[in-house]
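Report on the structure
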Amino acid sequence: MRISSKGDYGLRALFDLALHHGQGPIRSRDIAERQAIDENYLNQLLIQLRRAGLVQSLRGPQGGHLLARAPREITVLEALEALEGPLVDVQESAPAPQADEAAVLAELWSGLRRTVADYLQSITLDDLAQRKREREGQTMYYI
């Protein structure tokens, strides 16, 4: 598994939008400055995230970008798969000399995929925003 700059920067952009959720459309220029991402590259990522249904974009002087759903409804798995495709991609290799050896390795890769997917599925953009607030001493409690 390897997360490219595309996945990292795209997740940082979504994280930024989650941190500013409820504040109206956020300009890509502001996201780019806060996250140290080239604005042109960021705009390409935002287009991809919009096509995946994770971001909405509004044009005009009051325009910008918003999460398409609440931060608690968008998982890190969904975000990374929208940007990177399948996260654990095992290349097909030459057939193993024995079928039982191939089955054992297939189970290993299947277990790895499930473990990674389960972990990333369990974390939402809201969870990340909450972690940041806790680090800054701004814990928000929901009743």
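Summary of the structure given here.

So, how was this worked out
- Residues numbered from 1 in each chain as written.
- Predicted model: local features only at pLDDT ≥ 70, side-chain atom pairs only at ≥ 80, totals over all residues.
- Heavy atoms only, no water.
- Helix = DSSP H or I, 4+ residues; strand = E, 2+ residues; numbered from the N terminus.
- Buried < 20%, exposed > 50% of the residue type's maximum accessible area, 1.4 Å probe, protein only.
- Areas by Shrake-Rupley, 256 points an atom, 1.4 Å probe, with all protein chains shown as cover.
- Pairing = 2+ DSSP bridges.
- Patch = residues over 30% accessible without salt bridge, like charges linked within 9 Å, V, L, I, M, F, W, Y side chains within 5 Å.
- Salt bridge = Lys/Arg side-chain N within 4 Å of Asp/Glu carboxyl O.

1. A closer look at the overall build of the protein chain
Counting its secondary structure elements, the protein chain contains 6 helices and 2 strands. N-terminal to C-terminal, the α/β element order of the protein chain is α-α-α-β-β-α-α-α. Scored against the burial criterion, the 143 residues of the protein chain give a buried share of 32%. Here the protein chain displays about 9,300 Å² of accessible surface, and carbon together with sulfur accounts for 50% of that area.

2. Points about the pairing of strand 2 (residues 64–67)
Alignment of strand 1 (residues 55–58) against strand 2, held across 4 bridges, turns out to be antiparallel. When the bridges of strand 2 are listed, Gln56 appears paired with Leu66.

3. Side note on a nonpolar patch on the surface
Together, Leu105, Leu108, Trp109 and Leu112 give the surface a local cluster of nonpolar side chains, amounting to about 350 Å² of exposed area. Relative to the assigned elements, Trp109 resides in helix 5 (residues 99–121). For Trp109, a relative accessible area of 34% translates into the label partly exposed.

4. Re the pattern of salt bridges
Evaluated as defined, the whole model comprises 5 salt bridges. A salt bridge links Asp30 to Arg27, with the shortest nitrogen-to-oxygen separation between them at 3.0 Å. For Asp30, a relative accessible area of 22% puts it in the partly exposed group.

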